[in-house]
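As a plain string of letters, each chain reads:
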Amino acid sequence: MTEPLLRIEDLYVRFRTDEGTIRAVNGVNLEIMPGEMFGLVGESGCGKSVTGLSILKLVPHPGRITRGKIWFRGENLLEKPESAMREIRGRHIAMIFQDPMSSLNPVFTVGHQITRVIRRHHHVSRREAWERAAGTLDDLGIPDPERVMRSYPYELSGGMQQRVMIAIALSCGAELLIADEPTTALDVTIQAQILELLNALRIRRGVSILMITHDLGVVAETCDRVAVLYAGRVVESGPTDAVLQAPAHPYTQGLLNALPRPSARRKSLQAIPGSVPGGIEEIPGCPFHPRCALADDLCRSKTPIMTPVDSSGAHLAACHLIGKSEG
Ligand code: SF4
């Protein structure tokens, strides 16, 4: 049986603030297989970006990983010293963000930035690094790689900047790419091109991709499996088709009802009432109960655990209603 490339076990992240402790991530479990595109989806503030940053041990101050294990290639990253993590970041696991300009240095050319990353992880000459960088840009379907290499980031369009970020991320041969809202800042056409590019990389190079997004449309188009995060917990997970076609958790159903779909029979979009909890106040029972139209006394007192939704065992959801409608 194929081993997962990445396994997150029972991850907890806390932020100590003057207002109180924010429980950002509350026992997340997930696995990403080699060559898989895995979607982590939820509203902003649900803990998905913090989960992504935890993998690289880059949770910003005052955040702290307080519990859990993150297995990558058989080793627990949370036990690794900072010197080992510096080697893993970029070389084995890379990350791209929503705004490429926040990651690209405006005063250096694209070529300088890609070759610097390559030379940090590989003992190659400047010329070899340059050639490898140009080859990566070419591989990503970027026309005239030499021109792009000699350009400054501000001379490129948003879509081209994001392609450059992907090239930087992959130039050292990373096996796992964490893509945090990589297309949110782009217009629809460019968005589709970037998603297509990521999908092609997954197929051609066998790169695993953790796609962090608020957009179920992006998940539907690209991801093999998906986990829906709410208040720092996975509330539903499984093969993308199963989760999106037969969502079992009322929160996932709410996200889907809020998604504009041209073919939908609904006349208007339905927003989920209320907002994502801030994480300071502890919510007893099901974390979604204050926003759930189906909540009852059990929901308010007992936290539901992940339960198989169907006989496949691959589709799970954390809701007391699972199985109740049957028989
Ligand atoms: Fe709603 Fe209860 Fe299910 Fe939570 S456990 S999602 S409150 S029905």
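Predicted model, so just to flag it, every value in this text is computed and none were measured. (Residues numbered from 1 in each chain as written. Predicted model: local features only at pLDDT ≥ 70, side-chain atom pairs only at ≥ 80, totals over all residues. Heavy atoms only, no water.)

J.: Break down the site of the ligand for me, citing the residues and quoting the values.
T.: Near the ligand you find 13 residues, and of these Cys286, Cys292, Cys299, Cys319 and His320 are the closest. Taken together, the residues that form the shell around the ligand break down as 10 nonpolar, 3 polar and no charged. (Near = heavy atom within 4 Å. Nonpolar A, V, L, I, M, F, W, Y, C, P; charged D, E, K, R; others polar.)

J.: Outline the environment of Gly35, supporting the account with residue identities and numerical values.
T.: Checked against the element boundaries, Gly35 lands in the loop between β2 (20–32) and β3 (37–41). Spatially, the C-alpha atom of Gly35 lies 12 Å from that of Ala174, the residues being 139 residues apart in sequence. Here Gly35 is in contact with Arg202, Gly206, Val207, Ser208 and Asp224, once residues within four sequence places are set aside. (Helix = DSSP H or I, 4+ residues; strand = E, 2+ residues; numbered from the N terminus. Contact = heavy atoms within 4.5 Å.)

J.: Describe the sheet that holds β2, with residues and values.
T.: An order of β2-β1-β4-β5 is seen for the 4 strands of this open sheet, with the pairing classed as antiparallel. The strands lining the two open edges of the sheet, one partner per strand, are β2 and β5 (75–76). Relative to strand β4 (residues 63–72), strand β1 (residues 6–17) runs antiparallel, the two being bridged by 8 bridges. By the bridge assignment, Arg7 is partnered in β4 with Trp71. Sitting on the sheet, helix α1 (residues 48–55) touches β1, β2 and β4, and the angle it makes with β1 is about 115°. (Pairing = 2+ DSSP bridges. Axes fitted to C-alpha atoms, helices over the stretch in contact; angles between N-to-C directions.)

J.: Lay out helix α8 (residues 188–205) with the relevant residues and their values.
T.: Here α8 is 18 residues long and its end C-alpha atoms lie 25 Å apart, about the 26 Å a rise of 1.5 Å per residue gives. Along α8, the positions that sit buried rather than exposed are Gln191, Ile194, Leu195, Leu197, Leu198, Leu201 and Arg202. Axial view of α8: buried residues confined to an arc of 155°, hence all on one face. α8 presents Val188, Thr189, Glu196 and Ile203 as exposed residues on the side facing more than 90 degrees away from its buried surface. Residues of α8 that are buried sit in contact with β3, α7 (158–170), β7 (176–180), β8 (208–213) and α9 (216–222). Positive phi shows up at Gly206, right after α8, with a value of about 70°. (Expected span 1.5 Å × (residues − 1). Buried < 20%, exposed > 50% of the residue type's maximum accessible area, 1.4 Å probe, protein only. Arc of directions from axis to C-beta.)

J.: Now, about the packing of aromatic side chains: what can you tell me, with residues and values included?
T.: Within the structure shown, the criterion is met by 4 aromatic pairs. When the ring of Tyr230 is compared with that of Phe288, the centres are 5.1 Å apart and the planes differ by 85°; the resulting orientation is edge-to-face. Residue Tyr230 is found in strand β9 (residues 225–230), and its partner Phe288 is found in the loop between α11 (250–257) and α12 (297–301); the two are separated by 58 residues along the sequence. In this structure Tyr230 comes out as buried when scored by relative accessible area, which is 1%. (Phe/Tyr/Trp six-rings, centres within 6.5 Å; stacked < 30°, edge-to-face > 60°.)

J.: Summarise the side chain of Thr115; cite the residues concerned and give the values.
T.: By the element assignment, Thr115 lies in helix α4 (residues 110–121). A distance of 3.1 Å separates the side chain of Thr115 from the backbone oxygen of His112, its partner in a polar contact. The contact partners of Thr115, leaving out residues within four places of it in the chain, are Ala129, Trp130 and Ala133. (Polar contact = N/O pair within 3.5 Å; in protein donor to acceptor, adjacent residues only side chain to side chain.)

J.: Any chance you could break down the pattern of salt bridges for me, citing the residues and the numbers?
T.: Inspection of every chain in the model, using the stated rule, returns 17 salt bridges. For Asp10, the salt bridge is made with Arg67, and the minimal N-O distance between the two is 3.1 Å. Remark: Arg67 occurs in strand β4 and Asp10 occurs in strand β1; sequence separation between them is 57 residues. What makes Asp10 partly exposed here is its relative accessible area of 29%. (Salt bridge = Lys/Arg side-chain N within 4 Å of Asp/Glu carboxyl O.)

J.: Go over unusual backbone geometry with me, naming the residues and quoting the values.
T.: Note the cis peptide between His61 and Pro62, where omega equals 5°. Counting through the fold element by element, Pro62 comes out in the loop between α1 and β4. Backbone geometry places Asp144, a non-glycine residue, at a positive phi of 50°. Of note, Asp144 is situated in the loop between α5 (126–139) and α6 (145–149). Positive phi, normally seen in glycine, also occurs at Ala231, with a value near 50°. Positionally, Ala231 belongs in the loop between β9 and β10 (233–239).

J.: Can you lay out the sheet that holds strand β6 (residues 93–96) for me, pointing to particular residues and giving the numbers?
T.: The strand order across the open sheet built from 8 strands is β6-β7-β8-β3-β9-β10-β12-β11, with neighbouring strands paired in mixed fashion. At either end of the open sheet lies a strand with only one pairing partner, and these are β6 and β11 (307–308). Sheet topology places β10 next to strand β12 (residues 316–317); 2 bridges connect them, and they run antiparallel. By the bridge assignment, Glu236 is partnered in β12 with Ala317. Relative to the sheet, α8 contacts β3, β7 and β8, its axis offset from that of β8 by approximately 155°.

Purely geometric stuff here, so don't read any function into it on its own.
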